[in-house]
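Spelled out from the first residue to the last, the chains are:
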Amino acid sequence: MIPNAPEIGKLAFIIAFWICAIFLPVWAVSWAVGVFLPMIIEGQNPGPELALVADILRTATPILSVLVFIPLNAMFMVLYERRALALFTVRMGPNRVGPDGLLQTAADAVKLLLKEDITPRGADAVIFTLAPIVFFAPSIIGILPILAAITNNHPLFAITNLPTGIFFVLASASIPLVALVMAGWSSNNKYSLVGGLRAAAQAISYEIPLVLSLVTVCLMAGTLDVVKIAQQQDGGFLNWNILGGGALRGLDAAIATALKNQDWAPVIQAFYPYGAASFVAAIVLIFCSHILLGLYLTGACAEINRIPFDLPEAESELVSGYNTEYSGMKFAIFFLAEFTNLFIVSCIATVMFFGGGDNPFPQWFLDQLPLAGIQAGLGSALSFLINDMRLVDPDTFWAAIWVIIKVYSLVFFAILIRGTLPRFRIDQLMDFGWKRLVPLSLIAFLLVVFARVLVVSHGY
Amino acid sequence: MYELQLTQIVIFVFAGFALPALGMILLAWILQNVLGYHQPNAMKNQPYECGMKPLQEALIQFEIRYYLYALLFILFDIEIIFIIPWALATDTLPSIVSGDEALWLGPVEMLIFLTILAVGLAYAWKKGALEWEN
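These numbers were taken from a predicted model, which means no experiment stands behind them.

### Looking at the overall build of chain B
- Across its full length, chain B carries 4 helices and 0 strands.
- Starting at the N terminus and ending at the C terminus, chain B contains elements arranged as α-α-α-α.
- Taken over 134 residues, chain B has a buried fraction of 30%.
- Taking contacts inside chain B between residues at least 6 apart in sequence as the whole, the part at least 24 apart equals 58%.
- Split by element, the accessible area of chain B, about 9300 Å² in all, is 69% carbon and sulfur.

Here it is in structure tokens:
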């Protein structure tokens, strides 16, 4: 019935295995460093020095968990991508190392460590060595401000919350471009040089629609703070920014009261709360937010050099582009950073458009299900783990589950695009960026501005 | 409203940037030197050019168009810097300037601002600055 169903099953098995293999160590590290060690230290009636140590441990938790997370996540995403592509193109994919190829990328990582590190003749050795590091460091920084949003502002990660969150992420996301030009320029190789220049041209062209779309979302939310943006979208998919950033909030409340009173007439009225003008404005907002998501995903694909925008490393024209001369560990760092960037981009889309750690079901829907009893039962059964050992924070746990589902679905979407679309030519790429996306993003911005005035003027 | 704590600055600047970067350098050097081997020779260190000897200098001349796009980008990037504070203040504008028409003040000003910018883009478009092939 479903073609290659066993392959899909194997892919699901790989995903399940690796998500456990990623997040159990991350959770263990953050619990041990952020909760367990400080708890032991503070249990000893500590002096001020030891209390400071406990504080430092708590402060270091986010960065340590990110450092554990990034290599494991990159290993998973490479395998995920290769197996999913194999599924789309009806072939086997890596299936020899470990059961069903589970450990393929772990073996790859070991192989890259054993490779010889070559610096080509005539290369600028200092810049050549610095380029992968400059490429990699911003991806760690870029992940930090989103941590608070995707863990539902857990106290351990609240320290990573910046008032200028999304601005900070965008700023750090534009640094890797410098690294690509550095790599291209210092390699003493024509392919690398052209690759680096293409990366620069492409990244600056697509940065405009990317940033404008995110700024428009910030305008709908009224803040740059990712935690606040995520919190505003709480309460089911009707409140998410993908549906106009709360344009349907009235509808949501109307359905809740209608269920309570068994009177469905107000739901129809909720479509026209303040007359035709606000109805049109809500429709425009919903339509625009879909356009904004499209603009964001397109710009993000170009920014992180993924197919169909992988011109900087176009292997059929430029051998491997800016990383032609890289081998061994330096190449591995480039590789690591690329997949981390894909994860960050999906995280931003999740927080900005899909409600962050919010569960997609509205409260009135959850009330229909017998969840409260189950939750209370689980809570009392696990109260030792939750209250005494502080192993899990239930809010953060559910937020993390939803974020994982949403983010890896978006990654799957990126892989699907890679499996479907051919590569652009450079002139098509620049035309599409400057003549289509830039005007479209300006128009969408203005539409949202005026639609919001119509909605706001009625005091919504 | 917010104050950036010292610990936040520390974690972002040092822990976020210096530590992983230095860690990666150290990891790359140590692991590569311990595990990998290092036997360079003249042929191996030659820049790659389809297996042939490289023909001339690698730093070839490249298109002037890259600069055109960079100039246009600067224009739009500065514009976005102007838009961001405006976008965050749209909801508070009516309370600063009273009256019903005050609602439309901010958006109309932004419309004028973006129109000027769009005229600039249209001019560059017409002049052929956006054409990759002439």
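### Things to note about the overall build of chain A
- Summing up its helical and strand segments, chain A has 17 helices and 0 strands in all.
- Here chain A has a C-alpha radius of gyration of 24 Å; the compact-globule value for 460 residues is 23 Å, and the two agree.
- Counting only C-alpha atoms and orienting by the principal axes, one finds that chain A spans roughly 80 × 65 × 55 Å.
- Per-residue burial over chain A gives 54% buried out of 460 residues.
- Averaging the positions of the 24 positive and the 29 negative side-chain charges in chain A gives two centres separated by 8 Å.

### Comments concerning the environment of A372 of chain A
Residue and element names in this part refer to chain A.
- Examined against the element boundaries, A372 turns out to sit in helix α14 (residues 371-381).
- The class of A372 is exposed, set by a relative accessible area of 59%.
- Considered as a pair, A372 and P94 are 278 residues apart in the sequence and their alpha carbons are 44 Å apart.

### Considering the domain arrangement of chain A
Residues and elements named next belong to chain A.
- Assigned domains within chain A: domain 1 (1-110) and domain 2 (115-457).
- Here the C-alpha centre of domain 2 lies 20 Å away from the C-alpha centre of domain 1.
- Listed as interface residues are 30 residues of domain 1 and, on the opposing side, 29 residues of domain 2.
- Both sides of the domain 1 and domain 2 interface together cover about 2700 Å² of buried area, and 81% of this is carbon and sulfur.
- Two residues, E81 and R418, come together in a salt bridge whose shortest N-O distance is 2.8 Å.
- Among the elements of the structure, α1 (5-43) and α2 (48-88) are those that each provide at least two residues to the side of domain 1 that touches domain 2.

### Describing helix α16 (residues 394-420) of chain A
Residue and element names in this part refer to chain A.
- Between its first and last C-alpha, α16 extends 39 Å over 27 residues, near the 39 Å set by a 1.5 Å rise per residue.
- Every buried residue belonging to α16 is among T396, A399, V403, I404, K406, V407, Y408, L410, V411, A414, I415 and I417, and all of these are buried.
- The secondary structure elements touched by the buried residues of α16 are α1, α2, α4 (125-150) and α12 (328-353).

### Quick word on the packing of α1 of chain A against α2 of chain A
Residue and element names in this part refer to chain A.
- At a closest axis distance of 8 Å, the pairing of α1 and α2 adopts a crossing angle of 175°. Considering the angle they form, α1 stands roughly antiparallel to α2.
- Residues of the contact of α1 with α2, tallied by class, amount to 30 nonpolar, 5 polar and 5 charged.

### Comments concerning the packing of aromatic side chains
Residue and element names in this part refer to chain A.
- A full pass over the atoms with the stated rule returns 28 aromatic pairs over all chains.
- Aromatic pair Y206 and F309: ring centres 5.1 Å apart, planes at 55°, arrangement tilted. One end of the pair, Y206, is in helix α7 (residues 190-221); the other, F309, is in the loop between α11 (276-303) and α12, with 103 residues separating them in the sequence.
- By relative accessible area, which is 0% here, Y206 ends up buried.
- The exposure class assigned to F309 is buried, which follows from its relative accessible area of 3%.
- Residues F335 and F339 carry aromatic rings whose centres are separated by 5.4 Å and whose planes lie at 65° to one another, so their mutual orientation is edge-to-face. Note that F335 and F339 are positioned in helix α12 at a spacing of 4 residues, about one turn of the helix.
- F335 gets classed as partly exposed once you look at its relative accessible area, which sits at 31%.

### Some remarks on unusual backbone geometry
Residues and elements named next belong to chain A.
- For the bond running from I307 to P308, omega is 10°, close enough to zero to count as cis.
- Looking at the element boundaries, P308 is found in the loop between α11 and α12.
- Phi at V319 is positive, roughly 60°, even though this residue is not glycine.
- Residue position: V319 is located in the loop between α11 and α12.

### Here we look at the interface of chain B and chain A
- Taken together, the contact pairs 70 residues of chain B with 80 residues of chain A.
- Interface area for chain B against chain A, summed over the two sides, is near 6800 Å², with a carbon-plus-sulfur share of 76%.
- Connecting chain B to chain A are 1 salt bridge.
- Between K44 of chain B and E116 of chain A there is a salt bridge, and its shortest N-O distance comes to 2.7 Å.

### A few points about the confidence of the model for chain B
Residue and element names in this part refer to chain B.
- The share of residues in chain B with pLDDT of 70 or more is 74%, and the mean pLDDT across the chain is 76.
- Considering each helix and strand of chain B separately, the mean pLDDT is smallest for helix α3 (residues 93-96), with a value of 60, and largest for helix α2 (residues 65-89), with 86.
- Confidence metrics for the complex model read pTM 0.89 and ipTM 0.83.

### Some remarks on the pattern of salt bridges
Residue and element names in this part refer to chain A.
- Within this structure, the stated rule accounts for 10 salt bridges over all chains.
- Among the ionic pairs, D427 bridges to R425, the shortest N-O distance being 3.0 Å.
- Given the relative accessible area of 13%, D427 is considered buried.
- Linked through salt bridges whose partners overlap, the residues forming this network are E7, K10 and R83.

### Observations regarding the nonpolar core
- Y296, I348, M352, F353, Y408, W434 and F445 of chain A are the most contacted members of the largest nonpolar core, which has 153 residues in total.
- Taken domain by domain, this core gets at least three of its residues from each of domain 1 (1-110) and domain 2 (115-457) of chain A.
- Not counting residues up to four positions away in its chain, the partners in contact with W434 of chain A are S205, I208 and P439 of chain A together with Y69, L72, F73, F76, L121 and L130 of chain B.

### What to know about the state of the cysteines
Residues and elements named next belong to chain A.
- Scanning the model with the defined rule gives 0 disulfides over all chains in all.
- Free cysteine: C20, not disulfide-bonded; nearest cysteine sulfur from C347 at 18 Å.
- On the accessibility criterion, C20 (44% relative accessible area) is partly exposed.
- Free cysteine: C218, not disulfide-bonded; nearest cysteine sulfur from C288 at 16 Å.

The rules we used
Think of each chain on its own: its residues are numbered from 1, step by step along the sequence as written. By the order in which they are written, chains take letters starting at A while ligands take numbers starting at 1. Residues qualify for local features only when their pLDDT is at least 70, as the model is predicted, and side-chain atom pairs are given and counted only at 80 or more; totals for whole chains, interfaces and linings, by contrast, use all residues. Side-chain measures here rest on the full set of heavy atoms in the structure, leaving out hydrogens and waters. Secondary structure is summarised from DSSP: a helix means a run of H or I of at least four residues, a strand means a run of E of at least two, and numbering begins at the N terminus for each. A 1.4 Å probe rolled over the protein chains alone gives each residue an accessible area, and that area as a share of the maximum for its type sets the label: buried under 20%, exposed over 50%, partly exposed in between. Residues count as neighbours in contact if any of their non-hydrogen atoms are within 4.5 Å of one another. Where accessible areas are quoted, they stem from the Shrake-Rupley method and a 1.4 Å probe; at the residue level, only the protein chains shown are allowed to cover. The size measure is the radius of gyration over C-alpha atoms, and the globule rule it meets is 2.2 Å times the number of residues to the 0.38 power. For the charge count, each Lys or Arg is scored as positive and each Asp or Glu as negative, with His and the chain ends excluded. For the purpose of locating charges, the reference atoms are NZ of Lys, CZ of Arg, CG of Asp and CD of Glu. Where each domain starts and ends comes from a domain assignment, either automatic or drawn from a database. Here the buried area means the combined drop in accessible surface, using a 1.4 Å probe, for two parts upon being joined, counting both sides. Put simply, a salt bridge is a Lys or Arg side-chain nitrogen that is within 4 Å of an Asp or Glu carboxyl oxygen. Here the expected length of a helix is defined as 1.5 Å per residue gap, with one fewer gap than residues. A fitted line through C-alpha atoms represents every axis, and for helices the fit uses only the stretch in contact; the resulting angles, taken between N-to-C directions, go from 0 to 180 degrees. Angles are sorted into four bins: roughly parallel if under 35 degrees, roughly antiparallel if over 145, roughly perpendicular if 65 to 115, and oblique for all others. Amino acids are sorted into nonpolar (Ala, Val, Leu, Ile, Met, Phe, Trp, Tyr, Cys and Pro), charged (Asp, Glu, Lys and Arg) and polar (every other residue, Gly among them). Centres within 6.5 Å are what make two rings of Phe, Tyr or Trp a pair, Trp counting through its six-membered ring; a difference in plane orientation under 30 degrees is then read as stacked, over 60 as edge-to-face, and the rest as tilted. Per-residue confidence from the predictor is reported as pLDDT, a score between 0 and 100. What is meant by a nonpolar core is a set of buried Ala, Val, Leu, Ile, Met, Phe, Trp, Tyr and Cys residues, joined one to another through side-chain atoms within 4.5 Å. Working definition: a disulfide is two cysteine sulfur atoms within 2.5 Å of each other.

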